[in-house]
Amino acid sequence: MVLKLLTENFRTRFGRPLTLAARAPGRIEFIGNHTDYNGGTVLGASIDRGVTVALAPRGDGQWCFATENRAGVVTVPATDQPARLTGNDSWVNYPLGVIAALAAHGRPVPAGFDLLVTSDLPPGAGLSSSAALELSSALAFLALTGQDVPRAEVVQWCRHAENHFVGVPCGVLDQGVSGFGRRDHLVFIDCRGPSFSTVSLPSSARFWVFNTHTKHALVDGLYAARHRECMAAARALGVPLLADVKPAQVETARSRLSPESYRRAKHVVEEIARVDATVTALKAGDLAAVGRLLTASHRSSQQWFENSTPELDFLVDQLIAQPGVHGARLSGGGFGGAVMALTTPEFNETQAAAVMAAYAAKFGSNPEVLRTQTGDGAALVG
Ligand code: GLA
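Predicted, not measured: the structure shown is a model, and the values here were computed from it. Counting starts from 1 at the beginning of each chain's written sequence and moves along it residue by residue. Reporting in this predicted model follows two pLDDT cut-offs: at least 70 for local features of residues, and 80 or more for side-chain atom pairs to be given and counted; totals over whole chains, interfaces and linings ignore these cut-offs and use all residues. The side-chain figures draw on all heavy atoms in the structure; neither hydrogens nor water molecules are used.

Buriedness for pockets is judged along seven lines, at least five of which must meet protein on both sides within 12 Å for an open set on the 1 Å grid over protein atoms alone, while cavities are sets there where a 1.4 Å probe fits but cannot get out, and lining residues have an atom within 4 Å of a point. Grid points are joined across faces, edges and corners, and a volume is the space filled by probe spheres set on the points. Taken as a whole, the second largest pocket holds about 220 Å³ of empty space. In terms of lining residues, the second largest pocket is bounded by V2, L5, L6, N9, R23, G50, T52, E68, T118, S119 and D120. Put simply, DSSP marks the helices as runs of H or I at least four residues long and the strands as runs of E at least two long, and each gets a number from the N terminus on. Counting only elements with at least two residues in the lining of the second largest pocket, the list comes to α1 (2–14), β2 (41–57) and β5 (113–119). For this classification, Asp, Glu, Lys and Arg are treated as charged, while Ala, Val, Leu, Ile, Met, Phe, Trp, Tyr, Cys and Pro are nonpolar and the rest, including Gly, are polar. Here the residues of the lining of the second largest pocket are counted per class, giving three nonpolar, five polar and three charged.

Next comes the structure, spelled out in structure tokens:
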């Protein structure tokens, strides 16, 4: 069914059939806020929505990129060293960055292709549509060039694309969850390896995502600033990464840390402890305890990491007052974006509407609400 629709869309755009397609899911950051690039642990959920990339090879050495929601085709001559695009075409930097990462790792790159992107993942909702585009592109390129590569390497190349081509100093969370996701499971990442495993999630768990559509004007710069501040805090503590210290050590060192280094370190090391406590609570099937940890994570982002906003705090406060909500927290980089709530199956549209109405009364706009559940990780389609 999916393949039939894709084939029709591809033919409409390029006038010929597709050869292969790959799909990768979006992700919810479950818990572990800004722990990944600090060498810590994190839990994420791959969801039942994602990005699909359909491909057919071309013989003229051109890479032709199209996306369902924009007219036109972006054409780039095939090369081992693609250049970064700007403006309206900058969405192409995700697949181009994957190609640049392949080349940087001494892998063959596709000679020429037509490529069409389709998606049922809302962009800008904090669900990592960019990682989903990277993973789906990578699997499609590898299939087109007949390369069989361990999944952990594919994930690392996609992160490489984001870090070195797109220019965002993100950790491995988004790509790891999209690459290793599994329905009714969370992905656990020890980011130092990195190593990836899954932890089962009770089937009664439900996710609701409330996207504020707010974005701090400096969000990219603020993410990079937090990255720098964490590295400075680690240096002040005399360790390579914040994951090398325990919460008690941060308290002991408080007097020799700047107030900012203390706040960033406290959040990161306590958040890593919360990730471990969450795994324990999940293994015991105790979603109420998991929910308390999620909300504690939000409070820490709010107070110590300072990457929350009044809109996100308001949503968390509203949500945790509702029956059926285990816990709620900002999900992703912060400074705007989305809040996720973990709920029982009883939490319903009427309650979600009440939260939206309260938000609209305070902020004058409606958040976008998405009810979602876990889904499988990136794979070839058909
Ligand atoms: C963004 C980044 C991730 C991670 C989160 C914060 O989603 O892409 O690597 O750092 O922010 O936890």
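Following the structure, the description resumes.
With that settled, the discussion passes to the pairing of strand β3 (residues 62–67). Extensive coverage of β3 is indicated by the burial of five of its six residues. Inspection of the sheet shows β3 paired to strand β4 (residues 74–77) by four bridges, in the antiparallel sense. What sits directly across from C64, in β4, is T75. Should DSSP find at least two bridges between two strands, the strands are regarded as paired. Where β3 hands over to β4, the hairpin turn is made up of six residues, of which G72 adopts a positive phi near 85°. Relative to β5, β3 runs parallel, the two sharing five bridges. Looking at β5, one finds that F65 is bridged to L115. Only protein chains enter the accessibility calculation, which uses a 1.4 Å probe; a residue whose area is less than 20% of its type maximum is buried, one above 50% is exposed, and one in between is partly exposed.

Our focus in this paragraph is the environment of Q322. For Q322, the location among the structural elements is in the loop between α10 (310–320) and β9 (325–331). Here Q322 falls in the buried class, since its relative accessible area comes to 18%. Sequence separation between Q322 and T12 is 310 residues; the distance between their C-alpha atoms is 47 Å. Any two residues having at least one pair of non-hydrogen atoms within 4.5 Å are treated as being in contact. Leaving out residues up to four positions away in the same chain, Q322 has contacts with F347, Q351, A354 and V355.

As a matter of local geometry, the ligand sits amid 13 residues, with E29, H34, D36, D174 and Y223 nearest to it. Two N or O atoms form a polar contact when they lie within 3.5 Å of each other; inside protein one atom must be a possible hydrogen donor and the other a possible acceptor, and for residues adjacent in sequence the pair counts only when both atoms belong to side chains. In the model, an oxygen atom of the ligand is placed 2.9 Å from a nitrogen or oxygen of the R27 side chain. One nitrogen or oxygen atom from the side chain of Y223 is found 2.6 Å from an oxygen atom belonging to the ligand. What sets the accessible areas is the Shrake-Rupley method with a 1.4 Å probe; for residues, cover comes only from the shown protein chains. Contact with the protein chains covers 92% of the free accessible surface of the ligand, which is 300 Å². Among the residues forming the shell around the ligand, the class breakdown is three nonpolar, six polar and four charged. The criterion for a residue being near a molecule or strand is simple. One of its heavy atoms has to lie within 4 Å of it.

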